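Coordinate inspection notes
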Amino acid sequence: MDSAFEVAAELGYDGVELMVWTEPDSQRLATVARASERTGMPVLAVHAPCLAITQRVWTPDPAERLRRSAVLAASLGAPTVVLHPPFRWQRRYALGLARQVDELERAHGVRIAMENMFPLRRGRLRWSSYTPGHDPTKPGARWYTLDLSHTATAADDALALLDRMGDRLVHLHLADGTGLERDEHLVPGRGTQPCAEVCRRLGASGFEGTVVVEISTRRARSRNERLDMLAESLLFARLHLGTDLPRSPV
C-alpha cells in the first residue's frame, strides 16, 4: 500500500483511491493516515471491500463492511465511497441497502456511489451475479461510479450509460478495454472505449467529482514500465479533461 502513495506523489497525482483489500494495512485507519500524511497524498475515495475476493475482509456481513467503509472514508476526509451492486446471494443485504445508504450518507457526510459492473460472458451467453443486475441505473441509485473497463467487458454503450447517470455521476474509473470477456483495465487510449470523449464531456460540463486512473500494471516488466503506464494515463486524463481539472488519483 505504501508504494501506491509514493508512486502517486512521485508522478504528480492529486491523491489516491483506497481499495480496502485483503492486505491488512489497507484496512487500518492509522496506517492509511500515516501513509497519506507522509507522502502528502490525500485519500479522495474509499472503495468498499465488495469484490468476491474481499467477502471476509473485516467481517462476512456486507452491511457491516459498508458501514466500516463509510466510517473510514469520513475519518480520512474522503467524500466518496465506491460500492458494487449486491451479489444475487446477498438477498437480505440487497433488501436493506437503499435505506442503509441513506442513513450512512446522512450520518457520515459521504456519497456512496454505485459502480457499473459486468455480466459473465461466454459467447452469446450472459449471466449476471448481481441483483438486480450489473447496471446500477436500473433501477437507479443516488450517486454513481462509471468504470470504462467494465463497460468494455459488459459490451455496454459507455456514452449512453454516462447520459443515464447524468449529474448523479460523481466518480469515474478511467481505464480502457477491448471488449474481451475479462476485465482488462488498460491504459486509457489503448482499447476501444470512448475514454477521451467521456473526459471531454465531463470537463465541459464542469464536473466536480473525482477521476481515478484504475489501470492494471501486472504485465509491466519493470518499475520504470509501470511508472510509464501510470504517467501516460495521468497525461491522458489531464489532456482530455481540460484546464479546469478534477482531481486525478491513482
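Here, every reference points to the structure presented above.
A brief structural summary. Since the model is a prediction, treat every value here as computed from it, not as a measurement. (Residues numbered from 1 in each chain as written. Predicted model: local features only at pLDDT ≥ 70, side-chain atom pairs only at ≥ 80, totals over all residues. Heavy atoms only, no water.)

This part is about the overall build of the protein. Along the protein, the regular secondary structure elements total eight helices and nine strands. Relative to the compact-globule value of 18 Å for 250 residues, the protein shows a C-alpha radius of gyration of 17 Å, a close match. Counting only C-alpha atoms, the protein reaches 45 × 45 × 35 Å along its principal axes. In the protein, buried positions account for 52% of the 250 residues. (Helix = DSSP H or I, 4+ residues; strand = E, 2+ residues; numbered from the N terminus. Rg over C-alpha atoms; globule rule 2.2 N^0.38 Å. Buried < 20%, exposed > 50% of the residue type's maximum accessible area, 1.4 Å probe, protein only.)

Further remarks concern the packing of aromatic side chains. For any pair of aromatic rings, the description rests on two quantities: the centre-to-centre distance and the angle between the ring planes. What the rule picks out here adds up to two aromatic pairs. Judged by centre distance (4.5 Å) and plane angle (5°), the ring pair of Phe87 and Trp89 falls under stacked. The exposure class of Trp89 is exposed, given its relative accessible area of 57%. Ring plane angle 20° and centroid distance 5.3 Å describe the contact between Phe87 and Tyr130, whose orientation is recorded as stacked. Linking Phe87 in the loop between strand E3 (80–83) and helix H4 (91–108) with Tyr130 in the loop between strand E6 (125–127) and strand E7 (143–147), this pair joins segments that are 43 residues apart in sequence. An identical accessibility class is assigned to Phe87 and Tyr130; each is buried. (Phe/Tyr/Trp six-rings, centres within 6.5 Å; stacked < 30°, edge-to-face > 60°.)

Strand order in the open sheet made by the seven strands is E1-E2-E3-E4-E7-E8-E9, with parallel pairing throughout. Of all the strands in the sheet, just strand E1 (16–19) and strand E9 (210–213) have a single pairing partner and so form its edges. Adjacent strand axes in the sheet meet at a mean angle of 25° when their direction is disregarded. The sheet contacts of helix H6 (residues 158–165) involve E7 and strand E8 (169–174), and relative to E7 the element is tilted by about 165°. On the sheet, helix H7 (residues 195–205) packs against E7 and E8 and is oriented at approximately 150° with respect to E8. (Pairing = 2+ DSSP bridges. Axes fitted to C-alpha atoms, helices over the stretch in contact; angles between N-to-C directions. Contact = heavy atoms within 4.5 Å.)

Here we take up the pattern of salt bridges. Applying the stated rule across the entire model yields 16 salt bridges. For the salt bridge of Arg106 with Asp102, the shortest nitrogen-to-oxygen distance reads 3.1 Å. With Arg106 and Asp102 both in helix H4, this residue pair falls four residues apart, about one helical turn. Take Arg106: its relative accessible area is 60%, and that puts it in the exposed class. Shared partners join several salt bridges into a network, and the residues in it are Asp102, Glu105, Arg106 and Arg142. (Salt bridge = Lys/Arg side-chain N within 4 Å of Asp/Glu carboxyl O.)

Our next topic: unusual backbone geometry. A cis geometry characterises the amide bond from Thr131 onward to Pro132, with omega recorded as 0°. For Trp58, which is not a glycine, the phi torsion comes out positive at approximately 70°. Take Trp58: it is sitting in the loop between strand E2 (43–47) and helix H3 (62–76). Here His185, not a glycine, exhibits a phi torsion of approximately 50°, which is positive.

Now for H3. Taking 1.5 Å per residue, 15 residues should reach 21 Å; H3 reaches 21 Å between its end C-alpha atoms and fits that length. Residues Pro62, Arg65, Leu66, Ser69, Ala70, Leu72, Ala73 and Leu76 constitute the buried set of H3. For H3, the angular spread of the buried residues around the axis is 165°, confining them to a single face. In this fold, the buried residues of H3 make contact with E1, helix H2 (29–39), E2, E3, H4 and strand E4 (111–115). N-cap assignment for H3: the residue whose side-chain oxygen lies 3.1 Å from the backbone N of Ala63 is Asp61. Immediately downstream of H3, the backbone of Gly77 shows phi near 80°, a positive value. (Expected span 1.5 Å × (residues − 1). Arc of directions from axis to C-beta. Polar contact = N/O pair within 3.5 Å; in protein donor to acceptor, adjacent residues only side chain to side chain.)

Our focus in this paragraph is the packing of H6 against H7. Between H6 and H7, whose axes approach to 10 Å, the crossing angle comes to 25°. Of the possible angle classes, the one that applies to H6 and H7 is roughly parallel. The way H6 lies across H7 gives a crossing that is right-handed. From H6, Leu159, Leu162 and Asp163 reach across to H7, where they touch Glu197, Val198, Arg201 and Leu202. Residues that form the contact of H6 with H7 fall into these classes: four nonpolar, no polar and three charged. (Parallel < 35°, antiparallel > 145°, perpendicular 65-115°, else oblique. Left-handed = near helix turned anticlockwise from the far one by under 90°. Nonpolar A, V, L, I, M, F, W, Y, C, P; charged D, E, K, R; others polar.)

Burial within E7 is extensive, with four of its five residues counted as buried. Taken together, the three bridges between E4 and E7 define a ladder with parallel strand orientation. Across the sheet, Ala113 pairs through a bridge with Trp143, a residue of E7. Sheet analysis places E7 next to E8, joined by four bridges and oriented parallel. Bridging from a neighbouring strand, Tyr144 pairs with Leu169 of E8.

By themselves, these figures tell us nothing about what the structure is for.
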